[in-house]
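Residues per chain are reported as follows:
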Amino acid sequence: MQVPKAFVEEYQTFLRETGFDNPDPQALLMDLASLSMEVYLKEIAWLSDFIGRLERAKKSSGPPSDYLGFLRHDSKDSACRLQRASRQISGLGGNG
């Protein structure tokens, strides 16, 4: 999966912060998920969200720049998504 220009900076920041170097976010997600979901839960949750936003932007009739306001990374929101993902992965379910 090639990262569109509108998303490159965000993905590069993620790579710098995590120390990973795979230019393909989908391949990186698969690699991490195959290693250990517990160890890389935060990174897997972030990559899953990021890939979903890439897919939504591709399907949109407007240019990806329309989504820039939506894409700002909010650590509080990320923590909530991570918490929900953790419960779902561990089988506890719930709505977050």
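Quick summary incoming for the structure in this document. (Residues numbered from 1 in each chain as written. Predicted model: local features only at pLDDT ≥ 70, side-chain atom pairs only at ≥ 80, totals over all residues. Heavy atoms only, no water.)

1. Things to note about the side chain of Glu43
Looking at the secondary structure, you find Glu43 in helix α3 (residues 41-59). There is no salt bridge for the buried Glu43, and the closest opposite charge comes from Lys42, which lies 6.4 Å off by N-O distance. (Helix = DSSP H or I, 4+ residues; strand = E, 2+ residues; numbered from the N terminus. Buried < 20%, exposed > 50% of the residue type's maximum accessible area, 1.4 Å probe, protein only. Lys, Arg positive; Asp, Glu negative; His and termini not counted. Salt bridge = Lys/Arg side-chain N within 4 Å of Asp/Glu carboxyl O.)

2. Structural notes on helix α1 (residues 5-18)
For α1, built from 14 residues, the straight-helix expectation of 20 Å at 1.5 Å per residue is met to within 8% by its first-to-last C-alpha distance of 21 Å. Listed as buried for α1 are Phe7, Glu10, Tyr11, Phe14 and Leu15. Along the long axis of α1, the arc covered by the buried residues comes to 145°, so they all point the same way. Opposite its buried face, α1 presents the exposed residues Lys5, Glu9, Arg16 and Glu17, each directed more than 90 degrees away. Following α1 by one or two positions, Gly19 adopts a phi angle in the positive range, close to 85°. (Expected span 1.5 Å × (residues − 1). Arc of directions from axis to C-beta.)

3. Quick word on the pattern of salt bridges
Across all of its chains, the model carries three salt bridges by this definition. Two residues, Arg53 and Asp49, come together in a salt bridge whose shortest N-O distance is 3.0 Å. With Arg53 and Asp49 both in helix α3 and four residues apart, this pair spans about one turn of that helix. Using a relative accessible area of 5% as the deciding quantity, one classes Arg53 as buried. A residue is classified by how much of its surface remains accessible, and Asp49, at 18% relative accessible area, is buried. Overlapping salt bridges bring together Glu10, Asp49 and Arg53 as one network.

4. Looking at the nonpolar core
Phe7, Tyr11, Phe14, Leu28, Trp46, Leu47 and Phe50 are the most contacted members of the largest nonpolar core, which totals 15 residues. Listing elements by their share of this core, those giving two or more residues are α1, α2 (25-35) and α3. The leading source of residues in this core is α3, at seven residues. Excluding its chain neighbours within four sequence positions, the residues that come into contact with Phe14 are Phe20, Leu28, Glu43, Trp46 and Leu47. (Core = buried A, V, L, I, M, F, W, Y, C linked by side-chain atoms within 4.5 Å. Contact = heavy atoms within 4.5 Å.)

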